[in-house]
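This is what each chain is made of:
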Amino acid sequence: MKIVVLTGAGISAESGIPTFRDNNGLWEGYSAMEVASPEGWNSNPKLVLDFYNERRKNALSASPNLGHKILADLEKHFEVCIITQNIDNLHERAGSSTVIHLHGELFKVRSTVDETSIYDLTGWELNLGDLCDKGSQLRPHVVWFGEPVPMMDLAIREVLTTDIFVVVGTSLAVYPAAGLIHYVGQATPKFIIDPKIPELPKIPNLHFIEKIGSEGLLELQQHLLDTFK
Ligand code: APR
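Residues numbered from 1 in each chain as written. Predicted model: local features only at pLDDT ≥ 70, side-chain atom pairs only at ≥ 80, totals over all residues. Heavy atoms only, no water.

**Q** What's the story with the nonpolar core in this structure? I'm lost.
**A** Within soluble globular proteins, side chains that are nonpolar generally end up buried alongside one another. Counting 23 residues, the largest nonpolar core has Ile83, Leu102, Phe165 and Leu180 as the members making the most contacts within it. It is helix α8 (residues 152-160) that contributes the most residues to this core, four residues altogether. Sequence-distant contacts of Leu102, that is, excluding residues within four places in its chain, are made with Ile83, Thr84, Val143, Val149, Met151, Met152, Ala155, Ala177 and Leu180. Of all hydrophobic cores here, the second largest spans 22 residues; its members include Val35, Trp41, Ala62 and Leu138. (Core = buried A, V, L, I, M, F, W, Y, C linked by side-chain atoms within 4.5 Å. Buried < 20%, exposed > 50% of the residue type's maximum accessible area, 1.4 Å probe, protein only. Helix = DSSP H or I, 4+ residues; strand = E, 2+ residues; numbered from the N terminus. Contact = heavy atoms within 4.5 Å.)

See the structure below:
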C-alpha cells in the first residue's frame with residue numbers, strides 16, 4: 001500500500017525552524033520578493049545569500065522531530081513517498097528514503113549560467129565570489145517566487161498512484177504545490193494534519209486532524225496500522 005505525504009514548514013516547526021506565514025514567521029521579518037525572487041537576486045545578491053546562510057545555520061542546529069521520525073518509520077509497513085515544500089534536510093536525516101523537494105534544497109547550490117550544474121554545499125556559507133566551474137556566481141538551489149517547479153510532474157505522477165494522501169503543516173497558500181490534492185482520486189482517503197486547518201473547497205474523503213505535526217501523525221499512524229495492517 002502506498003502513502004504520499006505532502007509536507008510544509010509546519011512539520012519542521014517543532015524542530016525550531018520558523019514557518020513562513022505564522023506569527024513570527026519568516027515573511028514577517030523579510031520581504032519574500034527581496035530574498036526569494038529572481039528580481040531580488042538581481043538587485044541585491046548579498047542580501048539573498050545572507051538570508052540563506054542564516055537558514056542553513058538554523059537547519060544545521062536543528063534535529064528531526066517526532067513527526068519526521070514517524071513518517072520514516074511508516075516505511076516499515078507502507079511504501080511512503082514524501083513530497084516536501086521544505087528546503088531543509090530533516091526528512092532525510094530522520095531516515096525517509098523517498099523525498100521529493102519541490103522547492104529545492106538548502107544544502108545544494110547551483111550555477112547561475114547553467115541550472116543543471118548543481119553542487120552539494122558543505123557547511124552553511126555561500127558568499128559573493130563563490131563561483132561555479134564556468135566562472136559564474138553560485139546561487140542557492142532553491143525555487144524562488146515566479147520560477148518554474150521542475151519536480152512537479154514527478155510529484156503529480158506519485159499522487160495519481162497513491163492509496164492514501166496525507167498533508168502535514170502547510171497553509172496550502174503556494175501553487176502549484178497546493179494544487180496536488182486535486183489530483184488525488186475521489187475515493188482515496190485524504191488526511192490533513194495542522195493545528196490551523198487551511199481553507200479548502202469541498203473535497204471527498206477528506207479527514208482533518210487539528211493537531212501539531214507530531215501529535216497528529218501519532219494519531220494517524222495508529223489509525224493506519226489499525227485499519228490497513
Ligand atoms: N505542526 C504542524 N503544522 C504546523 C505547526 C506544527 N507544529 N506549526 C504551524 N503549522 C502550520 C500552520 O498552521 C500553517 O498552516 O504549518 C503551516 C505553515 O504554513 P506556511 O508558513 O505558509 O508554510 P508553507 O505552507 O510550507 O509555505 C509554502 O511558501 O514561502 C513559500 O517556498 C516557501 O515552501 C514555502 C511555501
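**Q** Could you clarify how one ought to interpret the sheet that holds strand β5 (residues 118-120) in this entry?
**A** Note on sheets: strands pair through backbone hydrogen bonds, and any given pair is parallel or antiparallel. If you walk across this open sheet you meet the three strands as β5-β4-β6, and the pairing is antiparallel. Of all strands in the sheet, those bounded by a partner on one side alone are β5 and β6 (138-142). The average angle at which neighbouring strand axes cross in this sheet is 45 degrees, direction not considered. Those strands touched by helix α5 (residues 45-60) are β4 (104-111) and β6, and its axis lies near 140 degrees from that of β4. (Pairing = 2+ DSSP bridges. Axes fitted to C-alpha atoms, helices over the stretch in contact; angles between N-to-C directions.)

**Q** I would appreciate a short explanation of the pattern of salt bridges in the present structure.
**A** Side-chain pairs of opposite charge can arise where the charged atoms are in close proximity. In the structure shown here, the tally under the stated rule is nine salt bridges. For Glu158, the salt bridge is made with Lys2, and the minimal N-O distance between the two is 2.6 Å. Within this pair, whereas Glu158 is found in helix α8, its partner Lys2 is found in strand β1 (residues 2-7), the two being separated by 156 residues in sequence. Look at Lys2 and you get buried, because its relative accessible area is 9%. (Salt bridge = Lys/Arg side-chain N within 4 Å of Asp/Glu carboxyl O.)

**Q** Explain the sheet that holds strand β7 (residues 164-168) to me, please; I cannot follow it from the model alone.
**A** What the six strands build is an open sheet, ordered β3-β2-β1-β7-β8-β9; its pairing is parallel. Looking at strand neighbours, the two that pair on one side only are β3 (99-101) and β9 (206-209), the edges of this open sheet. Averaged over all adjacent pairs, the angle separating strand axes in this sheet is 20 degrees, with direction ignored. Two strands pair when backbone bridges link them, and β7 and strand β8 (residues 190-193) are joined in this way by four bridges, in the parallel orientation. Its bridge partner lying in β8, Phe165 is registered against Lys190.

**Q** Whenever I open this one, the site of the ligand confuses me. Can you help?
**A** In the vicinity of the ligand, 22 residues are found, and the nearest of them are Phe20, Arg21, Thr170, Ser171 and Asp194. A distance of 3.4 Å separates an oxygen atom of the ligand from a polar backbone atom of Gly169. One of the backbone N or O atoms of Gly213 is found 2.8 Å from a nitrogen atom in the ligand. Taking 730 Å² as the accessible area of the ligand by itself, protein coverage stands at 92%. For the shell around the ligand, the residue count by class is eight nonpolar, nine polar and five charged. (Near = heavy atom within 4 Å. Polar contact = N/O pair within 3.5 Å; in protein donor to acceptor, adjacent residues only side chain to side chain. Areas by Shrake-Rupley, 256 points an atom, 1.4 Å probe, with all protein chains shown as cover. Nonpolar A, V, L, I, M, F, W, Y, C, P; charged D, E, K, R; others polar.)

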